[in-house]
Amino acid sequence: KTRCWPASTRVSLNKREVGDMGMKLILLGAPGAGKGTLASYLIEQMGVPSISTGNILREAIKNNTPLGQSAKEYMDAGKLVPDEVVIGMLKERIAKRDCKSGFILDGFPRTIPQAEALDEIAHIDCALSLEVADDVIEKRMTGRRVCLRCGATYHVEANPPRVKDVCDICGDKLVIRSDDQAEVVRHRLETYHEQTEPLKGYYEAQGKLKSIDGAQGITATEKFAVEALGL
Ligand code: AMP
């Protein structure tokens with residue numbers, strides 16, 4: 001009988017089922033691999049919130065809080081913010097009510113100690129890795145535009161806003177992230193390969209790693225993710 005239901009009904013049922021299961025998903029991948037863009041799509045599909053540690057830190061910098069002041073120099077240099085800072089921040093965030101029925105992590109964990117700390121506080125179901133070659137990433141980053149108010153991400157060619165440099169969601173002005181300059185991007189990629197890529201082995205050993213091609217455009221990446229996650 002379910003086969004006769006309209007597509008919209010099926011989608012909302014799916015959302016509820018996935019939410020009830022409380023799927024806790026990690027998005028892995030180099031900076032610029034498309035984690036933020038995929039997360040904003042999966043929020044709808046899975047009916048759970050997405051948490052970007054990068055967005056929380058950028059917001060703290062914008063508001064000039066003590067957290068922002070201590071994180072800024074690391075971020076501007078393309079380095080990772082110290083583990084104890086981001087782990088504390090993440091713990092506080094996932095303790096909130098909206099994370100009870102699952103969440104998507106975008107940009108956390110980025111080191112093995114972060115993954116170990118996460119394992120102590122949550123049961124992760126899956127780590128989905130977006131595979132994109134470094135040269136593709138370097139090209140992508142120069143066209144990236146972000147909204148510092150709501151965290152939405154755009155690309156001048158691949159995913160432009162309706163009005164140039166204006167956020168579709170909240171109407172704020174879009175900006176180029178200070179750490180998206182070519183030299184900083186290269187440093188961030190090195191940091192990724194050294195410190196974050198080993199997480200693939202960490203989650204593979206737990207039987208939780210799924211990898212998809214993230215270089216075929218936004219729609220293809222969404223399709224691969226839906227298939228890999230069985231949504
Ligand atoms: P993102 O927006 O995820 O690319 O993060 C931007 C920057 O924020 C990174 O280059 C790091 O400096 C910092 N950052 C975000 N998440 C983490 C994390 N989990 N661990 C350490 N630093 C982080």
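For the structure itself, look to the data block above.
Summary of the structure given here. (Residues numbered from 1 in each chain as written. Predicted model: local features only at pLDDT ≥ 70, side-chain atom pairs only at ≥ 80, totals over all residues. Heavy atoms only, no water.)

Let's talk about the overall build of the protein chain
To keep it simple, the criterion reads: By the criteria applied, helices consist of DSSP H or I runs no shorter than four residues and strands consist of E runs no shorter than two, each listed in order from the N terminus. Relative accessibility decides the category of a residue: with a 1.4 Å probe and only protein chains considered, values under 20% of the type maximum give buried, values over 50% give exposed, and everything between is partly exposed. We call two residues in contact when some of their heavy atoms are within 4.5 Å. Residue-level accessible areas treat just the shown protein chains as cover; the underlying method is Shrake-Rupley with a 1.4 Å probe. His residues and chain termini do not enter the charge count, which takes Lys and Arg as positive and Asp and Glu as negative. Taken as the charge location is NZ of Lys, CZ of Arg, CG of Asp or CD of Glu.
Secondary structure assignment for the protein chain yields ten helices and eight strands. The dimensions of the protein chain, computed from C-alpha atoms along their principal axes, are 55 × 45 × 35 Å. Residue burial in the protein chain is summarised as follows: out of 231 residues, 42% are buried. Taking contacts inside the protein chain between residues at least 6 apart in sequence as the whole, the part at least 24 apart equals 70%. With an accessible surface of roughly 12200 Å², the protein chain has 52% of that area assigned to carbon and sulfur atoms. Taking the average location of the 32 positive side-chain charges in the protein chain and that of its 33 negative ones, the two points are 7 Å from each other.

Digging into the site of the ligand
Here is the rule: Here a residue counts as near a molecule or strand whenever at least one of its heavy atoms sits within 4 Å of it. Any N or O atom pair separated by 3.5 Å or less is treated as a polar contact, with the protein-specific requirement of one donor-capable and one acceptor-capable atom, and with residues adjacent in sequence counted only for side-chain atom pairs. Under the scheme applied, nonpolar residues are Ala, Val, Leu, Ile, Met, Phe, Trp, Tyr, Cys and Pro; charged residues are Asp, Glu, Lys and Arg; polar residues are all the others, including Gly.
Around the ligand, the structure places 16 residues, and the nearest of them are Thr53, Arg58, Lys79, Gly107 and Gln114. Lys79 has a polar backbone atom sitting 2.6 Å from an oxygen atom of the ligand. The protein chains hide 96% of the 480 Å² of surface that the ligand would expose on its own. The greatest single-element share of the shell around the ligand, amounting to four residues, is contributed by helix H3 (residues 53-62). Its residues assigned to classes, the shell around the ligand comprises six nonpolar, four polar and six charged.

A look at unusual backbone geometry
Cis peptide bonds are those with omega within 30 degrees of zero, and the linkage from Phe108 to Pro109 qualifies with -5°. Its location among the elements puts Pro109 in the loop between strand E3 (103-106) and helix H6 (112-121). Not every positive phi belongs to a glycine, and Asp165 is a case in point at roughly 60°. Inspection of the secondary structure assignment puts Asp165 in the loop between strand E6 (153-155) and strand E7 (174-175). Here Asp165 falls in the partly exposed class, since its relative accessible area comes to 24%.

Overview of helix H4 (residues 66-76)
Short version of the rule: When we speak of the arc, we mean the arc of directions from the helix axis to the C-beta atoms.
Buried within H4 we find Gly68, Ala71 and Met75. The buried residues of H4 occupy an angular sector of 75° when the element is viewed end-on, so they sit on one face. Across from the buried face of H4, at angles greater than 90 degrees, the exposed residues are Pro66 and Glu73. For H4, the elements touching its buried residues are H3 and helix H8 (182-196).

A word on the sheet that holds strand E5 (residues 144-147)
What counts here: Should DSSP find at least two bridges between two strands, the strands are taken to pair.
Ordered in space as E6-E5-E7, the three strands form an open sheet in which the pairing is antiparallel. The sheet is open, and its two borders are formed by E6 and E7, each paired with just one other strand.

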